[in-house]
Amino acid sequence: MDGDFHFGLSTILPSDVLNSAPQLSRSSSPQPRFRLTSSSPQIFTIHYSIPAQSSAATPPLRENIYTIPNLLTVSRILSCPVLGWSILHDDFYLATGLLVYAGLSDLADGYLARRFSMHSVLGTILDPAADKTLMTTLTVTLAMKGLLPASLATIIIGRDVLLSLSAFYIRYTSLPAPKTFARYWDFSIPSVELRPTTISKYNTFAQLALMCATTVTPILPAQYNLFVPEMQILVAVTTVWSGLSYVFSKDAVRIVSETRKKLPPS
């Protein structure tokens, strides 16, 4: 309710009721309150008041973030520094093994989330974040080793930086009040859900295919051709396209509603 609800009842009361009239007054919130007023010696009005519930007391919407899919996703993020180190030190066998783990864990967390209903808003943020962390690690380290053109690396990193800055801004604007530093980083309080566009899914697949092919090329025999130059052109085009799709898509971002059903009056 936006305010207190009041109604009045005027009646002629006998003297024994008048003597006990003060007992009708109740003021403990949020219980209903009664109050007597008098317009003449024998006529009293009973005022019944229902105090409004304060919306500030409504607890924030929370969810369980400690799920197996989320833990698998976090493990992919934590493996990225080791992956980058292995590439910079020419240990492409270890790098290939970590890429295989990343792919299998990505499939596993998606299956578990669907099979056992372990979906969470945080998962919709962590999963693409893990992909971007993996992609950024591969892009930077492979470019540093001269296995990836610097121009292509700039396109990939530039798009991801712009999307990340946008995500931080949307998180702040969608966070329910009060907007504090602790609540901003408390991901058990969902405020926005990110949904990848169709072209971004194709772009992610193309980027991963290119990075995997570039990573395993040093350990493959020379006669194997993985069409790396052609894949680089495809990745450049889809990266720019997917970045524009987030700008013009209406379904890429969904604000999580905290609206709760109000109890019907008794």
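Residues numbered from 1 in each chain as written. Predicted model: local features only at pLDDT ≥ 70, side-chain atom pairs only at ≥ 80, totals over all residues. Heavy atoms only, no water.

Moving on: the environment of A167. The topology assignment puts A167 in helix α5 (residues 150-174). C-alpha separation for the pair A167 and I125, spaced 42 residues apart in sequence, amounts to 9.4 Å. (Helix = DSSP H or I, 4+ residues; strand = E, 2+ residues; numbered from the N terminus.)

The terminal C-alpha atoms of helix α3 (residues 92-115) lie 34 Å apart, and with 24 residues this matches the ideal 34 Å at 1.5 Å per residue to within 8%. Buried within α3 are the following residues: F92, A95, T96, L98, L99, A102, S105, D109, G110, L112 and A113. Elements that come into contact with the buried residues of α3 comprise α2 (68-88), α4 (121-144) and α7 (198-216). Phi turns positive, to about 50°, at S117, one or two residues after α3. (Expected span 1.5 Å × (residues − 1). Buried < 20%, exposed > 50% of the residue type's maximum accessible area, 1.4 Å probe, protein only. Contact = heavy atoms within 4.5 Å.)

Quick look at the packing of aromatic side chains now. In this structure the tally under the stated criterion is zero aromatic pairs. The ring of F116 is capped by R115, whose NZ or CZ atom sits 5.1 Å from the centre of that ring. A cation over an aromatic ring shows up here: K179 above the ring of Y172, its NZ or CZ 5.4 Å from the ring centre. (Phe/Tyr/Trp six-rings, centres within 6.5 Å; stacked < 30°, edge-to-face > 60°. Lys NZ or Arg CZ within 6 Å of the ring centre and 35° of its normal.)

What follows covers the confidence of the model for the chain. Per-residue confidence for the chain gives a mean pLDDT of 78, with 69% of residues at or over 70. Counting interchain partners and residues more than four positions distant, the pLDDT-below-50 stretch residues 258-266 has eight contacts. (pLDDT = per-residue confidence, 0-100.)

A separate point is the nonpolar core. Membership of the largest hydrophobic core comes to 24 residues, with the highest contact counts inside it found for L83 and L138. Those elements that place two or more of their residues in this core are α2, α3, α4, α5, α7 and α8 (228-248). Ranked by the residues each element gives to this core, the list is headed by α3, at five residues. Non-local contacts of L138, meaning those with residues more than four positions away in its chain, are made with L83, I87, L99, A143, M211 and T215. (Core = buried A, V, L, I, M, F, W, Y, C linked by side-chain atoms within 4.5 Å.)

The next subject is the packing of α4 against α7. To characterise two packed helices, one gives the angle between the axes of the helices and the distance between these axes. Running from amino to carboxyl end, α4 crosses α7 at an angle of 40°, the nearest separation of the two axes being 11 Å. For the element pair α4 / α7, the angle class is oblique. When you trace α4 past α7, the crossing you get is left-handed. On α7, the residues touching D131, K132, L134, M135, L138, T139 and L142 of α4 are T204, Q207, L208, M211, T214 and T215. Class assignment of the residues belonging to the contact of α4 with α7 gives a composition of six nonpolar, five polar and two charged. (Axes fitted to C-alpha atoms, helices over the stretch in contact; angles between N-to-C directions. Parallel < 35°, antiparallel > 145°, perpendicular 65-115°, else oblique. Left-handed = near helix turned anticlockwise from the far one by under 90°. Nonpolar A, V, L, I, M, F, W, Y, C, P; charged D, E, K, R; others polar.)

With that out of the way, let us pick up the pattern of salt bridges. Applying the stated criterion to the full structure yields seven salt bridges. R76 is the partner of D106 in a salt bridge, and the nearest nitrogen-oxygen pair spans 3.6 Å. Taken together, the residues D106 in helix α3 and R76 in helix α2 connect sequence positions 30 residues apart. The exposure class of D106 is partly exposed, given its relative accessible area of 26%. (Salt bridge = Lys/Arg side-chain N within 4 Å of Asp/Glu carboxyl O.)

On to the side chain of N203. The residue N203 is located in helix α7 in this model. Setting aside chain neighbours within four positions, we find N203 in contact with R159, V235, T238, T239 and S242.

A negative phi holds for most residues other than glycine; trans holds for most peptide bonds. Phi at D90 is positive, roughly 60°, even though this residue is not glycine. Despite not being glycine, F227 shows a phi value in the positive range, around 55°. Mapped onto the elements of the fold, F227 is located in the loop between α7 and α8.

Among the surface-exposed residues, V161, L162, L165, F168, F181 and W185 lie close enough to one another that they form a single nonpolar patch of about 680 Å² accessible area. Here the nonpolar patch takes four residues from α5, the largest share from any one element. Following the sequence through the fold, F181 ends up in helix α6 (residues 181-184). (Patch = residues over 30% accessible without salt bridge, like charges linked within 9 Å, V, L, I, M, F, W, Y side chains within 5 Å. Areas by Shrake-Rupley, 256 points an atom, 1.4 Å probe, with all protein chains shown as cover.)

As a packed pair, α2 and α4 sit with axes 9 Å apart at the nearest point and diverge in direction by 5°. Viewed along their axes, α2 and α4 adopt a mutual orientation that is roughly parallel. Per-class residue counts for the contact of α2 with α4 are 13 nonpolar, seven polar and three charged.

This part covers the environment of K132. In this structure, K132 sits in helix α4. Sequence separation between K132 and S164 is 32 residues; the distance between their C-alpha atoms is 9.6 Å.

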